[in-house]
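Here is what each chain is made of, one letter per residue.
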Amino acid sequence: TADATALLGSLDVAWTLDSTNSELLRQPLPARGAAVLLAERQTGGRGRRGRDWASPLATNLYLSVALGFDGGLARLGGLSLVAGVCVAEAVAALGVPARLKWPNDLVVEGSDGLQKLGGLLIEGGGEHAGPVRAVIGIGINVAMPAAAGAAIGQAWTDLRRLGVATPVRNTLAAGVISRLLPALDAFAREGLAPFLPRYNTFDALRDMAVDIHDGGRVTTGIALGIAADGALRVRTDAGERGLHAGEVSLRRR
Ligand code: ATP
């Protein structure tokens, strides 16, 4: 859309990269607007805490967006949720009812639990109070080859297995970018509040029993939805808590 085009600083497609996030972290930001980078393949695709993200050639979507923000690192907290909403909406436009598992997974309900369709990885750097650079990495499985899928240590799926006719990567990339750039602009100006109702429609954890993995400890609770600051509200035996993305991993029971 014209809206997204005006917010686009650069758009590049690479053949092979270590990781689209790593490449954007090495590059200077465009003078204005966001940098968008896609790759056909990643040799070192990453999830949280250095975990691998399976990124075989020319089958899935690997896309990163870098942009500057004013106002300190705390502004980055909501980005995973804002970007997740845009990704879920782009996938919904293809007819797939994907949902979001806080803080960074795109999932679908399978017969035996959640299957991972994609994920987000937010990285960035800067000052507590000054300008920050945010890099948003997005991986969405489109047509995962069986051999690459066999290396994934948890339940996963892709758009082809969910009935989407491929090729669809260009449509999907355009759907994500055209939603994400205006959303990031709105988030920079208005914060997370306008996105919470949209997030709620995709929340895969709401009212579910969850195991909270925190270091070696596991606590059980009920997920209550997202707080205004992007924390996941959970009711445990010890009372209500707000979980922040850096601290914990969640498993639905
Ligand atoms: P957490 O709940 O702490 O985020 P996670 O298992 O979802 O844990 P991430 O860092 O978000 O971890 O994602 C990395 C994990 O996702 C890998 O360890 C692997 O199990 C799985 N994975 C790797 N590549 C893919 C892929 N292409 N599609 C789906 N899942 C993948």
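For the structure, check the block above.
Residues numbered from 1 in each chain as written. Predicted model: local features only at pLDDT ≥ 70, side-chain atom pairs only at ≥ 80, totals over all residues.

Peer 1: Lay out the pairing of strand 8 (residues 209-214) with the relevant residues and their values.
Peer 2: Note: strand 8 against strand 9 (residues 217-226), 6 bridges, orientation antiparallel. By the bridge assignment for strand 9, aspartate 214 is matched with arginine 217. The antiparallel pairing of strand 8 with strand 9 creates a hairpin that spans 2 residues between the two strands, and glycine 215 there sits at a positive phi of about 65 degrees. The sheet contact formed by strand 8 and strand 12 (residues 249-252) spans 4 bridges and is antiparallel. Counterpart to aspartate 211 in the pairing with strand 12 is arginine 251. (Pairing = 2+ DSSP bridges. Helix = DSSP H or I, 4+ residues; strand = E, 2+ residues; numbered from the N terminus.)

Peer 1: Describe the site of the ligand, listing the residues and the values that go with them.
Peer 2: Lining the immediate environment of the ligand, one finds 18 residues, of which Gly47, Arg48, Arg51, Ala54 and Ser249 sit closest. Contributing elements (two or more residues each) for the shell around the ligand: strand 6 (113-126) and strand 12. For the shell around the ligand, the class distribution of residues is 5 nonpolar, 8 polar and 5 charged. (Near = placed C-beta within 6 Å. Nonpolar A, V, L, I, M, F, W, Y, C, P; charged D, E, K, R; others polar.)

Peer 1: Residues and numbers for the nonpolar core, please.
Peer 2: If you look at the biggest cluster of nonpolar residues, it comprises 67 residues, and the most contacted ones within it are Val82, Val87 and Val176. For this core, the element with the most residues is helix 3 (residues 79-92), which contributes 10 residues. No fewer than three residues from each of domain 1 (2-200) and domain 2 (209-252) sit in this core. Residue contacts for valine 87: discarding those within four places in its chain leaves Leu106, Gly118, Leu120, Ile138, Ile140 and Val176. (Core = buried A, V, L, I, M, F, W, Y, C linked by C-beta atoms within 7 Å. Buried ≥ 20, exposed ≤ 12 C-beta atoms within 10 Å, placed from the backbone. Domains from an automatic or database assignment. Contact = placed C-beta atoms within 7 Å.)

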